[in-house]
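Fold and geometry: a report
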Amino acid sequence: MKNETSVLDAEAAMPIQRVHEGLLHRYERQLLWWCAAYMPEWLTPDKLTIGGLLASIVIGIAYCMSWRSLWGFPIASIFLVVHWYCDSMDGTIARYRDRCRPSYGQFVDIFVDNLSMFCWFVPLGYSPAINDPRIGFMLCIAFYLIVIKVAYQDAYENKHVISMGQLSGTEGRIGLVGLNTLYFLFPTPLVSLFLWFVVSVIMLVMVVYSIYDSSMLAWRLRVLDERALAERLSQASS
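We now turn to the structure provided with this report. Computed from a predicted model, the values in this text were never measured in an experiment.

Another point: the overall build of the protein chain. Tallying secondary structure elements over the protein chain gives eight helices and two strands in all. Start at the N end of the protein chain and walk to the C end: the helices and strands fall as α-β-α-α-α-α-α-β-α-α. Residues counted as buried form 41% of the 238 residues belonging to the protein chain. In the protein chain, 80% of the contacts between residues at least 6 apart in sequence involve partners at least 24 apart. Counting only carbon and sulfur atoms, one obtains 69% of the accessible surface of the protein chain, whose full area is about 13,600 Å².

Rendered as structure tokens:
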């Protein structure tokens, strides 16, 4: 069984630096690395990625069906855990087995994440817990703004930022499970209004964060470009 140091070595060897500062990342990484040692060979990263996408589709269906039965919320929570496992394990297994495909893996991961967020957020806004489809679409837009910034950071700084400050997808899933549980136990208009407010605030924070972080990235790129331009002009004049 490989030790955890191999994870850090594998990540350091990747052409793009992965930045993950989530609150639970340290413990999550240890758990995933332990699970990877016992994962059957036939379970490949691609199969886990597909499993995560299927879990996202089930989550969306569960939110849509929550108007008929509140059991849609615990079903969504169960498949949020399934999605966490598949989404986290696909890359972990690739690194554990030394079968990383950085360009392909990163592209597929981001593409599937975009589909997954649509499957989650739009039905969540439609569900009785929020009861405002506009919030679901706005959550998608806020998430995609962050994805756009991450894509440019990948391209120009060789840095793939996985977390938003100290919050990552894992903490986000825990928040959704908490939302599902709260409305399942207390399905009242007052709780729905409270959740609407909380989700709206989170959406606004995501938008402000993406604008601020994108501005900082633009400033860093401007400094680098102006420095390179100054060097070229200096060489041309000499």
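The discussion continues.
Let's shift gears to unusual backbone geometry. The phi dihedral of Asp 98 falls on the positive side, at around 60 degrees, and the residue is not glycine. Among the structural elements, Asp 98 can be located in the loop between helix H4 (72-96) and helix H5 (102-126). Residue Asp 98 is classed as exposed on the basis of its relative accessible area of 65%. Although it is not a glycine, Asn 131 sits at a positive phi angle of roughly 55 degrees. Structurally, Asn 131 is set in the loop between H5 and helix H6 (133-157).

Per the stated rule, a full pass over the model turns up six salt bridges. Notably, a salt bridge pairs Lys 149 with Asp 213, separated by 2.7 Å at the nearest N-O pair. Here Lys 149, found in helix H6, pairs with Asp 213, found in helix H8 (residues 189-237); they are 64 residues apart in sequence, far enough to count as distant. Under the relative-accessibility criterion, Asp 213 is labelled buried at 16%.

A word on the side chain of Glu 28. Considering the arrangement of structural elements, one finds Glu 28 in helix H2 (residues 25-37). Reaching out from Glu 28, the side chain makes a polar contact with the side chain of Thr 170 at a distance of 2.8 Å.

The grouping of Met 138, Ile 141, Leu 145, Ile 148, Tyr 152 and Tyr 156 at the surface amounts to a nonpolar patch, some 580 Å² of accessible area in total. Topologically, Tyr 152 is positioned in helix H6. The exposure class assigned to Tyr 152 is partly exposed, which follows from its relative accessible area of 45%.

Another aspect to go through is H4. With 25 residues, H4 ought to run about 36 Å at 1.5 Å a step, and its terminal C-alpha atoms sit 35 Å apart, in line with that. A bend of about 30 degrees at Met 89 is the largest found in H4. Directly beyond the C-terminal end of H4, a positive phi value near 60 degrees is found at Asp 98.

Viewed as axis vectors pointing N to C, H4 and H5 meet at an angle of 170 degrees, and their least axial separation amounts to 12 Å. Here H4 lies roughly antiparallel to H5, going by the angle between them. Across the interface between the two elements, Leu 80, His 83, Asp 87 and Asp 90 from H4 touch Asp 109, Asp 113, Ser 116 and Trp 120 from H5. Grouping the amino acids of the contact of H4 with H5 by side-chain chemistry returns two nonpolar, two polar and four charged.

Right, let's get into the nonpolar core. Tyr 63 and Trp 120 are the most contacted members of the largest nonpolar core, which has 31 residues in total. Elements that contribute at least two residues to this core include exactly helix H3 (45-65), H4, H5, H6, helix H7 (169-185) and H8. Ranked by the residues each element gives to this core, the list is headed by H6, at eight residues. Excluding anything up to four places from it in sequence, Tyr 63 contacts Phe 73, Ala 76, Leu 80, Trp 120, Pro 123, Leu 124, Ser 127, Leu 176 and Asn 180. In this structure, Trp 33, Cys 35, Leu 48 and Trp 84 belong to the second largest nonpolar core, which totals 12 residues.

Let us look at the packing of aromatic side chains. The geometry of an aromatic ring pair comes down to the distance between the two centres and the angle between the two planes. All told, the structure shown has 11 aromatic pairs when counted by the stated rule. Where Tyr 63 meets Phe 73, the ring centres are 6.1 Å apart and the plane angle is 65 degrees; that geometry is what we call edge-to-face. Taken together, the residues span a long stretch of sequence, with Tyr 63 in helix H3 and Phe 73 in helix H4 at a distance of 10 residues. Taken as a pair, Tyr 63 and Phe 73 share a single burial class, namely buried. Summarising the aromatic geometry, the rings of Trp 84 and Tyr 85 are spaced 6.3 Å apart at their centres and angled 55 degrees between planes, so their arrangement reads as tilted. Taken together through their ring pairs, the aromatic side chains of Tyr 63, Phe 73 and Tyr 183 make up a single cluster.

What counts and what doesn't
Residues numbered from 1 in each chain as written. Predicted model: local features only at pLDDT ≥ 70, side-chain atom pairs only at ≥ 80, totals over all residues. Heavy atoms only, no water. Helix = DSSP H or I, 4+ residues; strand = E, 2+ residues; numbered from the N terminus. Buried < 20%, exposed > 50% of the residue type's maximum accessible area, 1.4 Å probe, protein only. Contact = heavy atoms within 4.5 Å. Areas by Shrake-Rupley, 256 points an atom, 1.4 Å probe, with all protein chains shown as cover. Salt bridge = Lys/Arg side-chain N within 4 Å of Asp/Glu carboxyl O. Polar contact = N/O pair within 3.5 Å; in protein donor to acceptor, adjacent residues only side chain to side chain. Patch = residues over 30% accessible without salt bridge, like charges linked within 9 Å, V, L, I, M, F, W, Y side chains within 5 Å. Expected span 1.5 Å × (residues − 1). Bend = angle between axes of the 7 residues up to and from the residue. Axes fitted to C-alpha atoms, helices over the stretch in contact; angles between N-to-C directions. Parallel < 35°, antiparallel > 145°, perpendicular 65-115°, else oblique. Nonpolar A, V, L, I, M, F, W, Y, C, P; charged D, E, K, R; others polar. Core = buried A, V, L, I, M, F, W, Y, C linked by side-chain atoms within 4.5 Å. Phe/Tyr/Trp six-rings, centres within 6.5 Å; stacked < 30°, edge-to-face > 60°.

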